[in-house]
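Residues per chain, in single letters:
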Amino acid sequence: MTGSAPTQLLKFESLEPAEQLRRSREFLQRMRTRRTVRDFSSRPVPYELIENAICVAGSAPSGANQQPWTFVAISDPGTKRRIRIAAEAEERVSYESRMSDEWLAALEPLGTTWRKPFLEVVPWIIVVFRQAYGLGIDPESGEERRYKHYYSEESVGIAVGLLLASLHLAGLATVTHTPSPMKFLADLLGRPPNERAFVMIPVGYPAPDARVPLISKKNLDDILVSITPQGNQGTPDSGFEDAGHPH
Ligand code: IYR
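Residues numbered from 1 in each chain as written. Predicted model: local features only at pLDDT ≥ 70, side-chain atom pairs only at ≥ 80, totals over all residues. Heavy atoms only, no water.

Okay, the site of the ligand next. In the vicinity of the ligand, the residues found are Glu91, Tyr95, Met99, Trp103, Leu107, Leu110, Lys116, His177 and Thr178. The contact in question runs from an oxygen atom of the ligand to an N or O atom on the side chain of Glu91, over 3.1 Å. The contact in question runs from an oxygen atom of the ligand to an N or O atom on the side chain of Lys116, over 2.4 Å. In isolation the ligand has 380 Å² of accessible area, and contact with the protein removes 72% of it. When atoms are counted within 2 Å of each cavity's grid points, the one that captures over half of the ligand is the largest pocket. Those elements that provide at least two residues to the shell around the ligand are α3 (77–98) and α4 (101–107). A class-by-class count of the residues in the shell around the ligand yields five nonpolar, two polar and two charged. (Near = heavy atom within 4 Å. Polar contact = N/O pair within 3.5 Å; in protein donor to acceptor, adjacent residues only side chain to side chain. Areas by Shrake-Rupley, 256 points an atom, 1.4 Å probe, with all protein chains shown as cover. 1 Å grid on protein atoms, 1.4 Å probe; cavity = no way out; pocket = protein on both sides within 12 Å on 5 of 7 lines; lining within 4 Å. Sits in = over half its atoms within 2 Å of the grid points. Helix = DSSP H or I, 4+ residues; strand = E, 2+ residues; numbered from the N terminus. Nonpolar A, V, L, I, M, F, W, Y, C, P; charged D, E, K, R; others polar.)

Dropping the structure here:
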């Protein structure tokens, strides 16, 4: 560290290579089973699972460590109903007139429509807000002022990735829902003027007969460009055979 800010000694867990590989493979296998679910049961979810997942999300790196996020967790039936009514009203206009034919065709394999009954069925909805700027008291003047936030979109995107992974690992199902426009959420949930709805994540258990679209993820070869020394293409010596990736 070259700056003059205070520091502390890093606590870093050093793993044996075999343990690294075991954990890495286990995490990969688990994450491969995550699916976006749109057909939920109303089975309750303990609040601590929601709290812990939001703590994980809150551990994400962020621009200048400004942590420009607010998570609103809703289980109140009246609020969920109001969210459903407002979201469906926007989605209906989107599906019927705002979205292009190209966009609707791209969504065809997912089978989505403007109807969002899951918003009332799920035990929890987490609405993630991005703080476009910070609001705080200026230590000099004692007045409230705006603080610039850096990389807030990227920061909140990273936090949402951790949130989805954490909920999945806790055995919960989610749908990443972005009704558009989403302004109604800040109004309905009484959020301050610096907060913009980023994404809405209904959380719960799948309905017993839930079905999901028949879609697949790209292969590693299609998403990874590996730049390694000549003659050692893509296989730095790990000491292990068969990393177990599909090609
Ligand atoms: N926000 C709409 C439409 C939608 C758009 C995309 I891009 C998706 O991947 C899925 C849905 C909705 O939630 O239905």
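Next comes the rest of the description.
Another point: the pairing of strand β3 (residues 133–137). Within a regular strand, side chains alternate between the sheet's two faces. Judged from the five bridges that link them, β3 and strand β4 (residues 144–148) form a sheet pairing that is antiparallel. Pairing of Gly136 across the sheet is with Arg145, part of β4. Where β3 folds back on β4, the antiparallel hairpin that results is connected by six residues, among which Gly142 adopts a positive phi of roughly 75°. (Pairing = 2+ DSSP bridges.)

Applying the stated criterion across every chain yields a total of two aromatic pairs. Centroid distance Tyr47 to Trp124: 5.2 Å. Interplanar angle 20°. Geometry classified as stacked. Of this pair, Tyr47 sits in helix α2 (residues 47–58) while Trp124 sits in strand β2 (residues 124–131), placing them 77 residues apart in sequence. Classification of Tyr47 by relative accessible area gives partly exposed; the value is 46%. Residue Trp124 is classed as buried on the basis of its relative accessible area, which comes to 10%. In this structure, Arg145 is placed above the aromatic ring of Tyr147, and the distance from its NZ or CZ to the ring centre is 4.0 Å. (Phe/Tyr/Trp six-rings, centres within 6.5 Å; stacked < 30°, edge-to-face > 60°. Buried < 20%, exposed > 50% of the residue type's maximum accessible area, 1.4 Å probe, protein only. Lys NZ or Arg CZ within 6 Å of the ring centre and 35° of its normal.)

On the basis of which strands lie adjacent, the open sheet formed by four strands has the order β1-β2-β6-β5 and antiparallel pairing. Edge positions in the sheet fall to β1 (69–74) and β5 (173–174), since each of these pairs with one other strand and no more. Bridge count between β1 and β2: six bridges; the pairing is antiparallel. Directly across from Thr70, in β2, lies its bridge partner Phe129.

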